[in-house]
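The residues making up each chain are set out below.
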Amino acid sequence: MSGVWFLSLLNPIIASVFAFVFLALWFHQRARRYILGIVAAALLYVAGCTVQLSKFPADVGYNAAVSATLYSASIYLLFAGIFKRKNITDGYLLLAAIIVSIIGAIIYFYFVVNNLYMRVYVLNFGFGALFLIAAYRLWRAGAAGVGDRILFWVILASGIQFFPRTVLALEVFDRGLLPREFGHSIFWLWLNFSLVIVIIGLALAVLTAVVLDIIDDLKKDGSTDLMTGLLNRRGFEERAGLMLAGAGTGPISMVYCDIDHFKAINDAHGHAAGDGVIKEFAVLLAAEMRADDIAGRIGGEEFAILLPDADIDGARAFSERVRRNLERSRFEGLQEHQGVTASFGIATRNGQEHLHDLTRRADKMLYVAKRSGRNCVRPQENTVVDLRSQAKA
C-alpha cells in the first residue's frame, strides 16, 4: 500500500526535477527553443499525475478524460521538441490524430460503454503507438551522432514496453479486477515502476543529446569562420588533413582562390561593402560544392576548396562556374555596374602527397593566375607554359 503510494508520488517528483534542469539549461541556451517544449511536457505530466492522485475532478470519467488529455499533451510536446531538435517537419498531424482518438475512446468507454479494461488498453496501447511513431521518425531522420542513437533506442524501448506490460498485468495478474481495486493492483504498481524508469531514461537521453549538441557546436564555432559560415584556416586544415589521410586512390584536387583587387574595394567603398563581397563569394562557393567537398576561408579574401574524386578537368569546371557566377553578380554598396572577379589556382594530389605540399602547389598556381591578368583559372598542367611566358615577358 505505502509502496504503491510512494511510486505514485515519485513520478511527478522526478518529472518536476527534470523540468527544473531543462529550464536551467534553456536559460543558458536560449537559441534552442525546443528545450522549452520539453520543459512544458514535463510540467504537463506533473499536472496529469496531480489530477489522477488528487482525484479532482472527483467523477471517474471526467478525471480519466482530463488526466489522459494532460498526459497526451505531455507526450506530444515532448516529441515535438525532439522533432524540432532534428528539424523534422512531418509526423505532427499523425501524433495529434492518435491523441484525439485516445481521448475520444477514453470518453466512450466510460460514458457510453463503461469498461475499465478497455480504458486501460486504449491509454497504454495509444501511448505505446505514439512512442513507436516517434522512434520511426527519428530513424527516418537518421541517427547522426551518439546522442541521436541513444535517444532512438530509449524511445523505441519505452514504446515497446507499453504492450507486453499491459497485457501481462491485466490478463495474468489482475484478471477479473474490480474498478475499486484498481489503485492497489499489480498493474498499477507495475505501471508506476515502469514509468519511473521510462521518465528517467527519456530525460537522461534527451539531456545527453542536447549536451552533445552543445559540445559539437562549441567545436564547430572553434573551426568555423563566423562571417561566411565556411571553415576557418584551422578547421579547413584539420578536415582536409583527415580526408587526405583516409583517401583511396581516386583523384583529389585543391583549388586556391582570391578575390581580385579586394583592398581597392575596401578603400573605395568601406569594410561593410567588402564584407558583403566576401559573404556573397562564400555563398557562390557553397552553391557549387558537393556534399563531400571541403571549403575554408584561409585569409581575408583568400579561400581554399578541397575536391575529392575530382581531377584537373573537374576542378577546372568547378572553378570556372564560380568565376563566371561571381563575375555576373552585383553587390550592395558597390557601384551599379561595378563587377567583382576572382582568380583561381588548381593542383591535383600526387600519390600520397600531404596537405602542405598540395596547398603550396595550388597557391603557386593562384600566383600564376594573378600574374596572368586575374579573373582566370590556372590548373597545374599550365605551370610550365605560364612561367616560360612570364620569363620571356
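Residues numbered from 1 in each chain as written. Predicted model: local features only at pLDDT ≥ 70, side-chain atom pairs only at ≥ 80, totals over all residues. Heavy atoms only, no water.

## Looking at unusual backbone geometry
Argument step 1. For the bond running from phenylalanine 56 to proline 57, omega is 5°, close enough to zero to count as cis.
Argument step 2. Among the secondary structure elements, proline 57 is positioned in the loop between helix 2 (34-54) and helix 3 (60-85).
Argument step 3. The phi torsion at lysine 55 lies on the positive side, around 55°, for a residue other than glycine.
Argument step 4. Note that lysine 55 resides in the loop between helix 2 and helix 3.
Argument step 5. Lysine 55 sits in the exposed class, given a relative accessible area of 62%.
Argument step 6. Positive phi outside glycine occurs at aspartate 309, with the angle close to 55°.
Argument step 7. Note that aspartate 309 resides in the loop between strand 3 (302-308) and helix 11 (312-328).
Argument step 8. Given the relative accessible area of 60%, aspartate 309 is considered exposed. (Helix = DSSP H or I, 4+ residues; strand = E, 2+ residues; numbered from the N terminus. Buried < 20%, exposed > 50% of the residue type's maximum accessible area, 1.4 Å probe, protein only.)

## Notes on helix 2
Argument step 1. With 21 residues, helix 2 extends 30 Å between its outermost C-alpha atoms, agreeing within 8% with the 30 Å of an ideal straight helix rising 1.5 Å per residue.
Argument step 2. Among all positions in helix 2, only Tyr34, Ile35, Gly37, Ile38, Val39, Ala41, Ala42, Tyr45, Val46, Gly48, Cys49 and Val51 are buried.
Argument step 3. A positive backbone phi angle near 55° is found at lysine 55, which sits one or two residues after helix 2. (Expected span 1.5 Å × (residues − 1).)

## Details of the environment of arginine 233
Argument step 1. Mapping arginine 233 onto the fold places it in helix 8 (residues 233-245).
Argument step 2. As a C-alpha pair, arginine 233 and glycine 296 span 63 residues in sequence and 6.3 Å in three-dimensional space.
Argument step 3. Those residues in contact with arginine 233 that lie beyond four places of it in its chain are Arg297 and Ile298.
Argument step 4. A distance of 3.4 Å separates a polar atom in the side chain of arginine 233 from the backbone oxygen of isoleucine 298. (Contact = heavy atoms within 4.5 Å. Polar contact = N/O pair within 3.5 Å; in protein donor to acceptor, adjacent residues only side chain to side chain.)

## As for the sheet that holds strand 5 (residues 377-379)
Within a sheet, adjacent strands bond to each other through the backbone by hydrogen bonds, running parallel or antiparallel.
Argument step 1. In space, the 5 strands of this open sheet follow the order 2-3-1-4-5, with mixed pairing throughout. Because the sheet does not close on itself, it has two edges, and the strands there are strand 2 (294-297) and strand 5. When the angles between neighbouring strand axes are averaged without regard to direction, this sheet yields 15°.
Argument step 2. Strand direction decides the pairing type here: strand 4 (residues 342-348) and strand 5, joined by 3 bridges, are parallel. By the bridge assignment, phenylalanine 344 is partnered in strand 5 with valine 377.
Argument step 3. In the packing of helix 11 onto the sheet, the strands contacted are strand 1 (252-259), strand 3, strand 4 and strand 5, and the crossing angle to strand 4 comes to about 170°. (Pairing = 2+ DSSP bridges. Axes fitted to C-alpha atoms, helices over the stretch in contact; angles between N-to-C directions.)

## Regarding the packing of helix 2 against helix 7 (residues 186-223)
Argument step 1. Closest axis-to-axis distance for the helix 2/helix 7 pair is 12 Å, and the angle between their directions is 165°. Considering the angle they form, helix 2 stands roughly antiparallel to helix 7. For the element pair helix 2 and helix 7, the recorded crossing hand is left-handed. Contacts from Tyr34, Ile35, Ile38, Tyr45 and Gln52 in helix 2 reach Trp188, Leu195, Ile199, Val206, Val210 and Asp213 in helix 7. (Parallel < 35°, antiparallel > 145°, perpendicular 65-115°, else oblique. Left-handed = near helix turned anticlockwise from the far one by under 90°.)

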